[in-house]
Amino acid sequence: MKKKTAYVFLNDKTNSFDIFFPLAKKLKKTEKKLFFKFYVFNKKTHNDIKNNLLFKSEIPKLGEINIMSGKVFSEVKLMRLLYTFYNIIKITFFSLTTKSAFFHFKALEKFPFNFLYSINRNNCYLVDGDPWGYSENINNAINIRNNKKVNVQHKPLHKNYSKLITFSKYWNQVNYSKKINKPIYFLKSTRAEKDWLDFCKAKTKSFLDKNRTLKNEIKGTKVILYLFGTFTDIVTVDQSYNGHKLFLKTMEVLTEINNITIIIKPHPNVDLNYLYYLVSKLNNKKIIINFMHISVLSNICKFAISNYMSLAMGDAWLSGLTTIEFTKYSDKLLEYTNNNSTIPQFADYFLNIDETKKLKDILNRQTKVEKRKYKNAIPKNDYIIFANDFLKSFN
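Everything numeric in this text was worked out from a predicted model, so none of it was measured.

This next bit is on unusual backbone geometry. The linkage connecting F111 with the following residue, P112, adopts the cis geometry, with an omega of 5 degrees. The phi dihedral of N283 falls on the positive side, at around 50 degrees, and the residue is not glycine. For N283, the location among the structural elements is in the loop between α11 (272-282) and β10 (287-289). One non-glycine residue with positive phi stands out, namely N338, at about 60 degrees. Structurally, the position occupied by N338 is in the loop between α14 (331-337) and β13 (349-352).

Pasting the structure below:
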């Protein structure tokens, strides 16, 4: 069976893989011959993706993941350069001899990777890097922190693509694409698709069956999912606070609540050694650190809590959890957001870090899984048109 190869050039964050993974699964379901070659640009991103228990088991079903600069001798700059140019030559050869498609999030904008765009400029997709679409509040939170003018998108426009995939009509790349007459596909957020959410629900049972210890530990308790992002500064958080202070305050409150299990899902950039150290100091057997995908973990939890509006909060909210943003915004940002979250749709409760009693009251309530309705800011869903055009490009 002749493969139809799609090359996916990811960013240095796992978010780009998280965005594309559900889309790849959906396309693969339609066309079994599809083979996805994912490329990352450093070993850390590769390891972060492989450390996600869901991704690790599913990648071989879609294709393979490679490091552009190679897996071995990565500490030697010359070897990284040699591997990089070897991979560029290899991709070039196969793309010139066999029809293929390229997807990237901005990786093909700069030398030497812009050369790859030049050899497949008719079938190269630029993919939106915001999984829920452009957020004006998040954009302005960054502007406020950097003392820039609000309501202005300072992200540079990308040029090396033939077609655009976006989850929002408000991204500045959309108007640019219209001006230069490049096709635009408006898609529903990939992690909000019913197929994806159903897949994650189905994975939950097998995940628990393989993790009997976890299954027994959470039995008969109220499970809280703590989406922990960083010990360092956070763009939306007042500069008198940081992730470390917020973590200590959050754990102080959570450990005072009876009959709960706390599952901490750390962001890939978290200092894990320090996280394990802090958790060990708490000496609480009901605190568990786990690396399964949030859309799977959410199916065994009742609440999700985060210290800023993490992109992962959308996954927890869509899974029906009661979501809480427990944080400390700057006064300037609070004034702009009208004392609300930067993405209020994904925060059922928005609490200041001092509102500990209110947090306890919420967590002590009986709650149920909510049925969520979500629509990102697109005029229509072009998935069928996109899928047909994409698959035709291999003919």
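Text resumes after the structure shown.
Moving on: the pattern of salt bridges. Applying the stated criterion across every chain yields a total of 15 salt bridges. With a shortest N-O distance of 3.7 Å, E58 and K25 are connected by a salt bridge. One end of the pair, E58, is in helix α3 (residues 53-62); the other, K25, is in helix α1 (residues 14-30), with 33 residues separating them in the sequence. On the basis of relative accessible area, K25 is assigned to the partly exposed category, the value being 24%. When the shortest N-O distance is used, the salt bridge between D315 and R191 registers 2.8 Å. Of this pair, D315 sits in helix α13 (residues 312-318) while R191 sits in the loop between β7 (184-186) and α8 (194-210), and the two are 124 residues apart along the sequence. With relative accessibility at 2%, the residue D315 sits in the buried group.

Applying the stated rule across the entire model yields 39 aromatic pairs. A ring pair is formed by F41 and F113, whose centres lie 4.9 Å apart and whose planes are at 75 degrees; its orientation type is edge-to-face. Note that F41 is positioned in the loop between β2 (34-40) and α2 (43-51) and F113 in the loop between β4 (100-104) and α5 (114-119), a separation of 72 residues in sequence. Take F41 and F113: they sit in the same class, and that class is buried. Taking the centre distance of 5.9 Å and the plane angle of 20 degrees together, the rings of F386 and F390 count as stacked. Residue F386 and its partner F390 are both found in helix α16 (residues 383-392); the two are separated by four residues, about one turn of the helix. The class of F386 is buried, set by a relative accessible area of 0%. The exposure class of F390 is buried, given its relative accessible area of 0%. Lying across the ring of F35, K3 places its NZ or CZ 4.0 Å from the centre.

Conventions and cut-offs
Residues numbered from 1 in each chain as written. Predicted model: local features only at pLDDT ≥ 70, side-chain atom pairs only at ≥ 80, totals over all residues. Heavy atoms only, no water. Helix = DSSP H or I, 4+ residues; strand = E, 2+ residues; numbered from the N terminus. Salt bridge = Lys/Arg side-chain N within 4 Å of Asp/Glu carboxyl O. Buried < 20%, exposed > 50% of the residue type's maximum accessible area, 1.4 Å probe, protein only. Phe/Tyr/Trp six-rings, centres within 6.5 Å; stacked < 30°, edge-to-face > 60°. Lys NZ or Arg CZ within 6 Å of the ring centre and 35° of its normal.

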